[in-house]
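# Tertiary structure, described
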Amino acid sequence: MKKRVTITLVLTIALTTIITFIVGVTSDRSHSGNSQDSILPTETTYSVIHTSADGGDETDPSSKDADWEHKAIGGTSVPNAFNIDAGRGHLKLIMKNNSIHPVKVTLTHQGKTDKIYFEKIIAAHDTLIWTNFEEGYPQGMRGGNYVLQWIGGEHAVNGEVSGKLASSIHDFSLR
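Reading the values: the criteria
Residues numbered from 1 in each chain as written. Predicted model: local features only at pLDDT ≥ 70, side-chain atom pairs only at ≥ 80, totals over all residues. Heavy atoms only, no water. pLDDT = per-residue confidence, 0-100. Contact = heavy atoms within 4.5 Å. Helix = DSSP H or I, 4+ residues; strand = E, 2+ residues; numbered from the N terminus. Buried < 20%, exposed > 50% of the residue type's maximum accessible area, 1.4 Å probe, protein only. Salt bridge = Lys/Arg side-chain N within 4 Å of Asp/Glu carboxyl O. Phe/Tyr/Trp six-rings, centres within 6.5 Å; stacked < 30°, edge-to-face > 60°. Core = buried A, V, L, I, M, F, W, Y, C linked by side-chain atoms within 4.5 Å. Pairing = 2+ DSSP bridges. Axes fitted to C-alpha atoms, helices over the stretch in contact; angles between N-to-C directions.

## As for the confidence of the model for the protein
Averaged over the protein, the pLDDT score is 74; the fraction of residues at 70 or greater is 62%. This model gives residues 20–64 a pLDDT under 50, and the stretch forms 62 contacts once residues within four places in sequence are excluded.

Written out as structure tokens, the structure reads:
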């Protein structure tokens, strides 16, 4: 499990570095020198902070639920990457927009499908709760790598997400 978290973290950092470079080069080319004409903020760096708390028995991964938290702070587009193991395809995301501006969030399965599971707008200082079984995916999510992309448009992102994976919808407290 620690190896998977380390690999995910390294891939996220690499993706962050690449995106920061591309955004920096693009904004340098398109900047006219007049600060009133610029629509992108000059700050293109961001940070992704990962924390996780796994419960259950490490020797029996099928009985273990996965919980994590990611913070997306800084740039105008911030990715939060995570993995869904086969057999643990039920997902609940609680996304909080701590910004004074609306933010768009998209959830995409990376790989063969590149399926976009949702694209939603979260109002300033608002929260969005998304569960696969209430949003048209009652059989669960496909295993693999996912990216929750935060897009602030002209404004820096300031958000956080709490995620929970489970093997059954009954593992969620359905309030």
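## Description of the environment of Leu91
Locating Leu91 in the fold gives a position in strand β4 (residues 90–97). Residues contacting Leu91, with those up to four places away along its chain left out, are Trp68, Phe82, Ile84, Leu107, Trp130, Thr131, Asn132, Met141, Lys164, Leu165 and Phe172.

## Some points on unusual backbone geometry
Positive phi values are uncommon outside glycine, yet Asp114 reaches one of about 50°. Mapped onto the elements, Asp114 comes out in the loop between β5 (103–109) and β6 (116–122). With phi around 55°, His125 is a residue other than glycine that occupies positive phi space. Classification of His125 as exposed rests on a relative accessible area of 56%.

## Regarding the pattern of salt bridges
Within this structure, the stated rule accounts for two salt bridges. Across the pair Lys164 and Asp67 runs a salt bridge, and its minimum N-O distance is 3.9 Å. In this pair, Lys164 is assigned in strand β9 (residues 158–166) and Asp67 in strand β2 (residues 66–73), connecting sequence segments 97 residues apart. The exposure class of Asp67 is partly exposed, given its relative accessible area of 28%.

## Considering the packing of aromatic side chains
Inspection of the entire model under this criterion finds seven aromatic pairs. Plain terms: the ring middles of Tyr117 and Tyr146 are 5.8 Å apart, the flat faces sit at 50° to each other, and that makes the pair tilted. Residue Tyr117 is found in strand β6, and its partner Tyr146 is found in strand β8 (residues 144–151); the two are separated by 29 residues along the sequence. A relative accessible area of 1% means that Tyr146 is categorised as buried. Taken together, the aromatic side chains of Trp68, Phe82, Tyr117, Phe118, Trp130, Tyr137 and Tyr146 make up a single cluster linked through ring pairs.

## Focus on the nonpolar core
Among the nonpolar cores identified, the biggest contains 25 residues, and Leu91, Leu93, Met95, Leu107, Trp130, Leu148 and Trp150 are the most heavily contacted of them. If we ignore the near neighbours within four places in the chain, the residues touching Leu148 are Val78, Pro79, Asn80, Phe82, Leu93, Met95, Val105, Thr106, Leu107, Phe118 and Val161.

## Side note on the pairing of β5
For β5, the buried fraction is high: six of the seven residues fall into the buried class. If you look at the hairpin formed by β5 and β6, you'll find six residues sitting between the two strands, and Gly111 has a positive phi there, around 120°. Judged from the six bridges that link them, β5 and β8 form a sheet pairing that is antiparallel. From the neighbouring strand, Thr108 faces β8, where its bridge partner is Val147.

## A few points about the environment of Ile116
Along the chain, the position of Ile116 falls in strand β6. In contact with Ile116, other than residues within four places in its own chain, are Leu107 and Thr108.

## Some remarks on the sheet that holds strand β3 (residues 77–84)
Strand order across the open sheet formed by four strands is β3-β8-β5-β6, with antiparallel pairing between neighbours. Because the sheet does not close on itself, it has two edges, and the strands there are β3 and β6. Direction aside, neighbouring strands of the sheet carry axes that sit 15° apart on average.

## Considering the environment of Leu148
Locating Leu148 in the fold gives a position in strand β8. Among the residues examined, Leu148 registers a relative accessible area of 1% and is labelled buried. Linking Leu148 and Ala72, residues 76 residues apart in sequence, is a C-alpha distance of 10.0 Å.

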